[in-house]
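Single-letter residue listing:
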Amino acid sequence: MRVHVDGVPVTVPEGASLLEAVRSAGVELPSLCHDDRLTPAGSCRTCLVRTGGNTVAACVIPAADGMSVEVTGEGLVALRREAVELIVSALPPSALDGGAEGTELARLCHALGVTPGQAREEGVRGRDESHPYVHLDPDLCIACGRCVRMCAEVQGTFALTLTGRGADTVVTPGTGGAWADSDCVACGGCVDTCPTGALTEPGMPVGASRTAPVRTRTTCGYCGVGCSLEVLTRDGEIAAVLPDREGPVNRGHACVKGRFAHGFVRAPDRLTRPLLRRRGGFEPVSWAEALAHVARGMRAAVAEGGPDAVAAISSARATNEENYLVQKFMRVVIGSNNVDNCSRLCHSPSAAGLTASFGLPGGTDVFEEAEKADCLLVVGANPAEAHPVVGARLFQKVLRGARLVVADPRAVGLAEYADVHLRPRPGTNVALFHGLAHILLAEGLADRDFLRDHAAGMTELAELLAGYPPERVAAITGIPAEDLVAAARLYGRAERPAIFYGLGVTEHLHGTDGVRTLANLAIIRGAAGPGRGYGVNPLRGQNNVQGASDMGALPDVLPGYQKVGDPAARARAAAVWGVPVPERPGLRIPEMFAAARSGELRALWVIGEDVCATDPDADRVAEALEACPLVVCNELFLSETARRADVVLPVASWLEKDGTFVNFDRRFQRVRPALVPPGEARTDFATVHALAAALGVDLRCRTPAETLAECGKVAPVFAGVTHERLDREGATPWPCPDLDAPGEARLYPQRFATPDGLAHLACPPYLPPGEEPDDRYPLILVTGRRWAHYNSGGMTRRTGNLRLGDVDLLDLHPADAARHGLRDGDRVVVESRHGRARLVARLTDQTSPGQAFCAFHFPSSGVNTLTSAHADTVTACPEYKVTAVRVSRRPRVRSPAGGRTP
């Protein structure tokens, strides 16, 4: 559309407001109640313009082709100034502190020459500083509503409201009372959008976001969403971490972890020197001595048991370049394929299942493509807590009219807003997905043309599905038959459906079958690849769990998922590396521990993983480490695993590294160091190089940029991704084999990547989970995450997040609690057939009767001593989601003084 602003023609897109048109003309216009991410309000009247003879607020009036807008005409500047003066008149003088370097309001007043008002004294309404990350000074609130809209429209929490009348209107938590007791999830959006400093981050000076001398754009090192962040530093310390407005996934939003949980980098117990076990304890030593000790141990292990007596567990927290170096170290320096990473424990069934169904081990669509869906099927995931930015964007889509089906045993997160919420018994996913597929076929909702042209296996699957009518599936899953039918109809009748799923699909005895039968739904509906929908998209758990596998830190594949048994792949790698590549697949993580216990594995290098806290059947993991002659840990802190190591190497965090991550939707993004590692800590990149040198091998790849370039030679699927390109163009998805072509945002536009080019339907029967409840262990325990913490809590427990959650809770249905004589807040003992944990009971109907839920953020709770060694039959991914347990009140013991303590 063509619009004239003070006589100057500008072109704006359809749907633009007059405010956007004015700004397109290069004219500054104040707008204290406006944020481009939010619906316009027009309440502050500071953006007044004149059009068609009327004076209007520019932010709420849509532009029209041929419209003329007057901005600087007679009286308009004065009107806008009067609106600002009226706002300021109700504020204390401190509202304008900082002037040109202060808040948005202070900068505006400085530009207009508006002086502080005297209408209100300081501290009249009192401050709320109860929350670790959000402080409220209601005296500075102008009731613009930006924070309320941010919380509702972007975050989707609805935690804030405006209360009071007239000049006494201020923002408050919707629950009343202190901010710390509210529903706030500390995304920081309200702080970022507040124009006056009424909402602030403690310790962040007013104007710090503009005056900090160094700004570093990097990628968040917490979950797999891949939020782009700006780290502001002053004098080598973090002043603030802000969401990047240009971030391709987060678009200026963040969560409590990425936005605020950075204090761990300066935690007093941060490791700064190598530690060597001597005389039953650790002693600080030099890097030279530590590396020499490790090199001797690895040489001895190879001499006694061959190359396969050494293994490495690489890290989803490490960069792509570091993971590439680790697998190269094992294959080139040691001569073994004994390398794995924590995707084994979470999404290895995704890689296996998606590859079998479609041809590649990644989600079918990047997020902004999948976000165009008109029906969302969210399965086994709670993105509102585990992937908050994705959860918020999915919720926005629902608010705009998309239909939502949630399949999850718990009534959490998006389930509250679902059109249909399916609550299957844990371990019955395959039956559920077969039941939905049965209904799609029975009601004529299959895309027969797509199945004919692009799929294989429909005849066999149809025969199997005949045995999964709604009534039988209801009996297996506990889901009412009518809900199954309603969910299938919503998904089947949608024009552009999309599936998002999480660990509730993969972490099962039959997790790969679960992924494949879920993919069946997209294939039957014609909603992947050449079809009309947006496929199947796994929500990856850790920041670089996708990339660690992409880089070949797996026992059976080289970089780019090339099978180690493929002679051509080995030859390509050997040509680049200059040495032959071992042919036999290596050990998976559970096999490494078994080999250590049996004496076959004699050296284990654990990089950035606290396996004693996060792996299942944790007591047996500890036994494996105790039995292994040499255990080496790269760590930030002395974790439960590091305490059992022989050598602990201090390494850099994600805020101190250079390289790249790959997020959940296959995008390479840059990671840049904002800080220098403390003391003698080194990056994992430097550490791998140093150990290789100690063993007499030069790995070349001097820089992370050179390393990614070499990876592209070994794995052509990544050949078009370089640091230079990412610095120039930003995030790039794989496959990207060509520097001159974009990466593939949508996979399989013409054909699938399977050998025959077809999507392959899977026909596994439903089989029961590895554990079932009985009279002794009557409850089924599901483990997962809470919103305030991350995995074993090694980083978040050393930040203000500890005030948001300081204990692992056991969620119980009130009926189960009554049956066991438990009350809310009771300290309880949870016992399984494998171990016991100490938790605190939380009564909630979010959990179904007969089921319980807890997280594993506090290793001292012992949650993963409960979980079993049952694992996915294809990939060995543990069955974290089904453990039979019993619960009892924790006995009280008498204190030395004669009192009773819990």
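Model, not experiment: these values are computed from the prediction.

Further remarks concern the overall build of the protein chain. Each helix and strand counted, the protein chain has 29 helices and 39 strands in total. Here the C-alpha coordinates of the protein chain stretch approximately 90 × 70 × 70 Å along the principal axes. Counting across all 902 residues of the protein chain, residues that qualify as buried make up 62%. Total accessible area computed for the protein chain in this model is approximately 32000 Å², and 51% of it derives from carbon and sulfur atoms. Charge separation in the protein chain, taken as the distance between the mean sites of 95 positive and 105 negative side-chain charges, equals 3 Å.

One finds Met298, Phe329, Phe358 and Ile524 to be the most contacted residues of the largest nonpolar core, which totals 116 residues. Here the element with the most residues in this core is helix H14 (residues 429-442); it accounts for nine residues. Those residues in contact with Phe329 that lie beyond four places of it in its chain are Met298, Ile334, Trp605, Val688, Leu691, Ala692, Leu695 and Leu699. Within the second largest apolar cluster, 47 residues are counted, among which are Ala267, Ala373, Ala381 and Tyr790.

The subject of this paragraph is the confidence of the model for the protein chain. Looking at the protein chain, the pLDDT average stands at 93 and 97% of residues meet or exceed 70. Confidence drops under pLDDT 50 across residues 894-902; counting only partners more than four residues distant or on other chains, this segment forms 11 contacts.

Summarising the element assignment, Arg819 is placed in helix H29 (residues 814-819). A distance of 2.5 Å separates the side chain of Arg819 from the side chain of Asp816, its partner in a polar contact.

A word on the pairing of strand E2 (residues 8-11). Relative to E2, strand E1 (residues 2-5) runs antiparallel, the two sharing four bridges. The residue of E2 that forms the bridge with Val5 is Val8.

This brings us to the sheet that holds strand E29 (residues 667-671). The sheet built from three strands is open, its strands ordered E28-E29-E30 with antiparallel pairing. Every interior strand has two partners, whereas the edge strands, strand E28 (659-662) and strand E30 (732-733), have only one. The pairing of E28 with E29 spans four bridges and is classified as antiparallel. Opposite Thr660, over in E29, you have Arg670 as the bridge partner. The strands touched by helix H9 (residues 320-334) are E28 and E29; relative to E28, the strand with the most contacts, the crossing angle is about 90°.

Right, let's get into the packing of H9 against helix H27 (residues 704-714). Following both chains from N to C, one finds H9 and H27 inclined at 60°, their axes separated by 9 Å at the closest point. Considered as vectors, H9 and H27 are oriented oblique to each other. Pair H9 / H27 crosses with left-handed handedness. Packed against H9, whose contacting residues are Glu321, Tyr324, Leu325 and Lys328, the element H27 presents Pro704, Thr707, Leu708, Glu710, Cys711 and Val714 at the interface. Its residues assigned to classes, the contact of H9 with H27 comprises six nonpolar, one polar and three charged.

With that settled, the discussion passes to helix H2 (residues 76-89). Taking 1.5 Å as the rise per residue, H2 with 14 residues should run 20 Å; its terminal C-alpha atoms sit 20 Å apart, in good agreement. Listed as buried for H2 are Leu76, Arg80, Ala83, Val84, Ile87 and Val88. The buried residues of H2 occupy an angular sector of 135° when the element is viewed end-on, so they sit on one face.

Glancing now at the packing of helix H10 (residues 348-357) against helix H20 (residues 511-525). Two elements in contact, H10 and H20, have axes separated by 8 Å at closest approach and are oriented at 40°. What the angle tells us is that H10 and H20 run oblique. H10 and H20 meet at a crossing whose hand is right-handed. Contact residues: H10 offers Pro349, Ser350, Ala352, Gly353, Leu354, Ala356 and Ser357, while H20 offers Gly511, Thr512, Val515, Arg516 and Ala519. A breakdown of the residues in the contact of H10 with H20 according to their chemical character gives six nonpolar, five polar and one charged.

Another point: the sheet that holds strand E18 (residues 403-407). Across the sheet, five strands lie side by side as E19-E18-E17-E21-E22; this open sheet has parallel pairing. Bordering the open sheet on either side are strand E19 (420-422) and strand E22 (536-538), each of which pairs with just one other strand. On average, each strand axis in the sheet is tilted by 15° relative to the strand beside it, whichever way the strands run. Relative to E18, strand E17 (residues 375-379) runs parallel, the two being bridged by five bridges. The residue of E18 that forms the bridge with Leu376 is Leu404. Strand contacts of helix H13 (residues 388-399): E17, E18 and strand E21 (497-501), with the helix running at about 140° to E17, the strand carrying the most contacts.

Our focus in this paragraph is the pattern of salt bridges. As enumerated under the stated definition, the model contains 57 salt bridges in all. One salt bridge connects Arg50 with Glu70, and the closest N-O pair in it is separated by 3.7 Å. Here Arg50, found in strand E3 (residues 48-51), pairs with Glu70, found in the loop between strand E5 (68-69) and H2; they are 20 residues apart in sequence, far enough to count as distant. Given a relative accessible area of 30%, Glu70 falls into the partly exposed group. Among the salt bridges present, the one from Arg889 reaches Asp826, with a minimum N-O distance of 3.1 Å. Taken as a pair, Arg889 in strand E37 (residues 883-889) and Asp826 in the loop between H29 and strand E34 (827-832) lie far apart in primary sequence, 63 residues in all. Its relative accessible area of 39% is what places Arg889 among the partly exposed residues. Three or more residues joined by partner-sharing salt bridges are found here, namely Arg278, Arg279, Glu283 and Glu289.

Of note, the bond from Trp734 into Pro735 is cis; its omega dihedral lies within 30 degrees of zero at 5°. Considering the arrangement of structural elements, one finds Pro735 in the loop between E30 and strand E31 (759-760). Even without glycine at this site, Ala186 takes up a positive phi of about 55°. Within the secondary structure, Ala186 sits in the loop between strand E8 (170-173) and helix H5 (189-193). Here the phi dihedral of Asp235 falls at roughly 55°; this positive angle occurs in a residue that is not glycine.

Side-chain positions along a regular strand alternate between the two faces of the sheet. With four bridges joining them, E3 and strand E4 (residues 54-57) adopt antiparallel strand pairing. By the bridge assignment for E4, Leu48 is matched with Ala57.

We now examine the side chain of Thr799. Checked against the element boundaries, Thr799 lands in the loop between strand E32 (779-784) and strand E33 (809-812). A residue is classified by how much of its surface remains accessible, and Thr799, at 12% relative accessible area, is buried. For Thr799, the side chain forms a polar contact with the main-chain oxygen of Thr796, separated by 2.8 Å. Not counting chain neighbours up to four residues away, the residues in contact with Thr799 comprise Tyr133, Ala261, His262, Gly263 and Phe264.

Together, Phe158, Leu399 and Tyr417 make up a nonpolar patch on the protein surface, roughly 280 Å² of accessible area in all. Structurally, Leu399 is set in helix H13.

Another aspect to go through is the packing of aromatic side chains. Taken as a whole and assessed by the stated rule, the structure comprises 16 aromatic pairs. Aromatic side chains Phe329 and Trp605 sit 5.3 Å apart centroid to centroid with 75° between the ring planes, which places their arrangement in the edge-to-face category. Taken together, the residues Phe329 in helix H9 and Trp605 in strand E25 (residues 603-607) connect sequence positions 276 residues apart. Note on Phe329: relative accessible area 0%, which makes it buried. Relative accessible area serves as the criterion here: at 0%, Trp605 is assigned to the buried category. A ring pair is formed by Phe450 and Phe752, whose centres lie 6.2 Å apart and whose planes are at 85°; its orientation type is edge-to-face. With Phe450 in helix H15 (residues 448-454) and Phe752 in the loop between E30 and E31, the pair connects residues that are 302 residues apart, well separated along the chain. According to the relative accessible area criterion, Phe450 is buried, its value standing at 5%.

Conventions we followed
- Residues numbered from 1 in each chain as written.
- Predicted model: local features only at pLDDT ≥ 70, side-chain atom pairs only at ≥ 80, totals over all residues.
- Heavy atoms only, no water.
- Helix = DSSP H or I, 4+ residues; strand = E, 2+ residues; numbered from the N terminus.
- Buried < 20%, exposed > 50% of the residue type's maximum accessible area, 1.4 Å probe, protein only.
- Areas by Shrake-Rupley, 256 points an atom, 1.4 Å probe, with all protein chains shown as cover.
- Lys, Arg positive; Asp, Glu negative; His and termini not counted.
- Charge placed at Lys NZ, Arg CZ, Asp CG, Glu CD.
- Core = buried A, V, L, I, M, F, W, Y, C linked by side-chain atoms within 4.5 Å.
- Contact = heavy atoms within 4.5 Å.
- pLDDT = per-residue confidence, 0-100.
- Polar contact = N/O pair within 3.5 Å; in protein donor to acceptor, adjacent residues only side chain to side chain.
- Pairing = 2+ DSSP bridges.
- Axes fitted to C-alpha atoms, helices over the stretch in contact; angles between N-to-C directions.
- Parallel < 35°, antiparallel > 145°, perpendicular 65-115°, else oblique.
- Left-handed = near helix turned anticlockwise from the far one by under 90°.
- Nonpolar A, V, L, I, M, F, W, Y, C, P; charged D, E, K, R; others polar.
- Expected span 1.5 Å × (residues − 1).
- Arc of directions from axis to C-beta.
- Salt bridge = Lys/Arg side-chain N within 4 Å of Asp/Glu carboxyl O.
- Patch = residues over 30% accessible without salt bridge, like charges linked within 9 Å, V, L, I, M, F, W, Y side chains within 5 Å.
- Phe/Tyr/Trp six-rings, centres within 6.5 Å; stacked < 30°, edge-to-face > 60°.

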